[in-house]
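Fold and contact review
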Amino acid sequence: MRISVFGLGYVGCVSAACLASLGHEVIGVDVNQVKVDLVNDGRAPVVEERIGELVAEAVRTGALRATGDVREAIADSEVSLVCVGTPSEPNGSLCTTYLERVTAEIGAALAEKAREAESTEKAEGAGQGGRHTVVFRSTMLPGTCLNLLVPILEKSVGGTAGVDVGVAVNPEFLREGTSVRDFFDPPKTVVGELDPASGDVVTELYDGLPGEVFRVPVPTAEAIKYADNAFHGLKIGFANELGAVCQALGVDSHQVMDVFLADRKLNISPAYLRPGFAFGGSCLPKDLRSLVHAAQRADVSVPILSHVLPSNSDHLQRAVELVERTGRRRVGLFGLSFKPGTDDLRESPLVELAERLFGKGYDLRIYDANVSLSRLLGANREYIETRLPHLGQLLADSVDQVLEHAEVCLVGTRDPAVLSALPHGDGPVIVDLVRLPDAEARRAEPGYMGLAW
C-alpha cells in the first residue's frame, strides 16, 4: 500500500520505517525540515534500537522518503497515518492543536486531490475505489476523533467520513527503546473503525504480524491506550510503594514480588480486572488498613495504597447516586453478602449500600438466598446488628416480594432465581452492580442503569 505518515517523532519514524520494511511504499511528512532531510539522507531522526539500519535500507530501496509538502504526500498515498504529538497543557488537559492542524491540512489536500482527479477523469489511488483512509495513531481521549477531528476533516474535504473518506483510530503500543521490536511483535493490534471498509484498510497494513487483532468502535480504541498506560503506571507505583514498606519492615521486596508474580491465577491474570461493584469482606479492607497503618508508623508515604479504600468507598457512593437520580423511594436490593455463595456479611459493600440508603430514608427491601437472620452467628451477627440493626424488617422471603415492592431494583448478585425474574422494558428501574449476563441488550432499555458501563 502507499502510505503517508504525518509526524516523524518516535512513533511516526518507527511506524514509517517498519511499514516500509514490510513492503509498503511510505512517505514521511514533518514540518521540521531537519527531520525530513535526515530521513531522505537515510538517517533516523530518533535514537532507537535497529531504527537506523531500517531507515537506511528503506531509503536505499526507495520504499521510504520524506517531505514537508502535505499535498505531495496525500497525492502519492492512499492511507495516511497521523502520528503527531498530543502533549499535556499546563492544567493537565490534552493538547490537540497539532492533531487539529494536521487533520485540516490532510482534508484540504484530499479535496484538492479529488478536484484534480475529477478534472482529469483519472481514478487516483487504490483500495476502496480510490477512497483515502485517515488513520489516527496519536494518543487521544475518547470522543476526540468523532467529536473534534471528524468534523474538521469533513469540513475540509467537503464530504462525509466513512463514505467519501475512511477514518480509523489505531493506537500504538511501542515502548521507547524497544519500539522496533514491539512493532514486529505487538501485544495486540487495535483498530477503531468508523466503518468496516476503514477497518479493512488498517488491518491490511499489518498483515502477517503476530498478535490478536481487535476491531472495535472508535471511542473504545481511544480508551484502550489510556487503560494500558494508567495500569502500567499503577503497577510501577504499587511495586515501588510496596518495596518502600518492605524495606522499612526489614523484608526483601524482590523476594516478596517474586512470589507475588508467580501467582498467575489471581495476581498476574484477568482476576479482579472487570468493572463491577465495590470490594469488601473480612480480608481486603482489613489488610489494606493494616498495611497502610504499618507504613505510616514507619514514616513511609504510600499515596496509592492509602487511597485504595477511599476509591472503593467512592465507587460504592456511585450506586447511591444512581438511585437518587431516579427520584424514586421504594428500593429493592438483591444480594447482601460480600460474595456470592456465602452468608458472610462482614464489611460487605452491599451491607454498606443498604445502610446508606436506609439512612437516607429509602423504603428498602432485601433478598439474599444465603442470608437468614436466624442463621447468623458470631462475628457475622455482631457486625450486622451494629451496621444494620433493622435487617429483620428489611429482609424479604422471595424475589417476587422484592419485585412487588420496588420501583428501583439494585442487582448485586447473579443468583439464577434473581436473573430469571428480572423484568425487561416496563417495570422497576434496574441498577446493575454486577454486569448482568444480558447487560448489552438491557442497555438499550430505558429502565436500565449500569454502575460503570
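Here, every reference points to the structure presented above.
First things first, this report covers the structure right here in the doc.

Re the sheet that holds strand 11 (residues 408-411)
One open sheet accounts for 5 strands, arranged 10-9-11-12-13; its pairing is parallel. One side of each edge strand has no neighbouring strand; the edge strands of this open sheet are strand 10 (363-367) and strand 13 (448-450). The sheet shows a mean angle of 20° between the axes of neighbouring strands, direction not considered. One ladder, built from 5 bridges, connects strand 9 (residues 330-334) with strand 10; its direction is parallel. Pairing of F334 across the sheet is with Y367, part of strand 10. In the packing of helix 13 (residues 308-326) onto the sheet, contacts are made with strand 9, strand 11, strand 12 (429-432) and strand 13, and the angle to strand 13 comes to roughly 155°.

A short note on the pairing of strand 6 (residues 166-169)
The two faces of strand 6 match: G166 and A168 on one face and V167 and V169 on the other face are all buried. In this structure, strand 5 (residues 133-136) lies alongside strand 6, joined through 4 bridges in parallel fashion. Paired with F136 across the two strands is V169, which belongs to strand 6. One crossover worth recording links strand 5 to the parallel strand 6 by way of helix 6 (residues 144-157), and it is right-handed. Summarising the sheet, strand 6 and strand 7 (residues 189-193) pair through 2 bridges and their orientation is antiparallel.

Brief notes about empty space enclosed by the protein
Evaluation of the coordinates by the stated rule reveals 3 cavities of 30 Å³ or more. In this model, the largest cavity occupies a volume close to 130 Å³. For the largest cavity, the lining is made up of 13 residues, of which R137, P186, K188, T189 and Y206 are closest to its centre. Residues of the lining of the largest cavity, tallied by class, amount to 7 nonpolar, 2 polar and 4 charged.

Points about the state of the cysteines
What the rule picks out here adds up to 0 disulfides. Not part of a disulfide, C145 finds its nearest cysteine sulfur in C83, a span of 14 Å. Not part of a disulfide, C283 finds its nearest cysteine sulfur in C246, a span of 19 Å. Given the relative accessible area of 45%, C283 is considered partly exposed.

Comments concerning the pattern of salt bridges
Taken as a whole and judged by the stated rule, the model has 22 salt bridges. Between R43 and D41 there is a salt bridge; the shortest N-O distance is 3.1 Å. Assessed through its relative accessible area of 46%, R43 is described here as partly exposed. Between K286 and D287 there is a salt bridge; the shortest N-O distance is 2.6 Å. A residue is classified by how much of its surface remains accessible, and D287, at 39% relative accessible area, is partly exposed. One connected set of salt bridges, linked through shared partners, spans R65, E72 and D76.

Observations regarding a nonpolar patch on the surface
Taken together, the side chains of F231, L234 and L273 define a hydrophobic patch exposed on the protein surface, amounting to about 270 Å² of accessible area. Turning to its location among the elements, F231 is positioned in helix 9 (residues 218-248).

A word on the environment of G332
Inspection of the secondary structure assignment puts G332 in strand 9. Judged by relative accessible area, G332 falls into the buried class, the value being 0%. Along the primary structure G332 and N240 are separated by 92 residues, whereas in three dimensions their C-alpha atoms are 43 Å apart. G332 has contacts with R365, V402, A406, V408, C409 and L410, leaving out every residue within four places of it along the chain.

Quick word on the side chain of N312
Within the fold, N312 resides in helix 13. At 2.9 Å, the side chain of N312 forms a polar contact with the backbone nitrogen of F279.

Here's the deal with unusual backbone geometry
Apart from glycine, the bulk of residues carry a negative phi angle, and the bulk of peptide bonds sit in the trans form. The backbone phi angle of R50 is positive, close to 75°, even though this residue is not glycine. For R50, the location among the structural elements is in the loop between helix 2 (33-40) and helix 3 (51-61). Of note, Y272 is a non-glycine position whose phi angle comes to about 70°, a positive value. As for its position among the elements, Y272 is in the loop between helix 10 (253-262) and helix 11 (284-297). On the accessibility criterion, Y272 (68% relative accessible area) is exposed.

What about the pairing of strand 5?
The side-chain alternation of strand 5 yields two buried faces, one formed by T133 and V135 and the other by V134 and F136. Judged from the 4 bridges that link them, strand 4 (residues 79-82) and strand 5 form a sheet pairing that is parallel. Residue pairing for strand 5: L81 is matched across the bridge by V135.

Section: the nonpolar core
Most often, soluble globular proteins have nonpolar side chains that are buried together. Among the nonpolar cores identified, the biggest contains 36 residues, and L19, V26, L64 and L81 are the most heavily contacted of them. Put simply, the parts of the chain that give this core at least two residues each are strand 1 (2-6), helix 1 (10-21), helix 2, helix 3, strand 3 (64-67), strand 4, helix 7 (179-184) and helix 8 (196-205). Examining the composition of this core, we find that 7 residues originate from one element, helix 1, more than from any other. Ranked by size, the runner-up nonpolar core spans 33 residues in total, among them V331, L364, V371 and I384.

So, how was this worked out
- Residues numbered from 1 in each chain as written.
- Predicted model: local features only at pLDDT ≥ 70, side-chain atom pairs only at ≥ 80, totals over all residues.
- Heavy atoms only, no water.
- Pairing = 2+ DSSP bridges.
- Helix = DSSP H or I, 4+ residues; strand = E, 2+ residues; numbered from the N terminus.
- Axes fitted to C-alpha atoms, helices over the stretch in contact; angles between N-to-C directions.
- Contact = heavy atoms within 4.5 Å.
- Buried < 20%, exposed > 50% of the residue type's maximum accessible area, 1.4 Å probe, protein only.
- Right-handed = clockwise from strand over helix to strand, strands pointing away.
- 1 Å grid on protein atoms, 1.4 Å probe; cavity = no way out; pocket = protein on both sides within 12 Å on 5 of 7 lines; lining within 4 Å.
- Points joined across faces, edges and corners; volume = space filled by probe spheres on them.
- Nonpolar A, V, L, I, M, F, W, Y, C, P; charged D, E, K, R; others polar.
- Disulfide = S-S within 2.5 Å.
- Salt bridge = Lys/Arg side-chain N within 4 Å of Asp/Glu carboxyl O.
- Patch = residues over 30% accessible without salt bridge, like charges linked within 9 Å, V, L, I, M, F, W, Y side chains within 5 Å.
- Areas by Shrake-Rupley, 256 points an atom, 1.4 Å probe, with all protein chains shown as cover.
- Polar contact = N/O pair within 3.5 Å; in protein donor to acceptor, adjacent residues only side chain to side chain.
- Core = buried A, V, L, I, M, F, W, Y, C linked by side-chain atoms within 4.5 Å.

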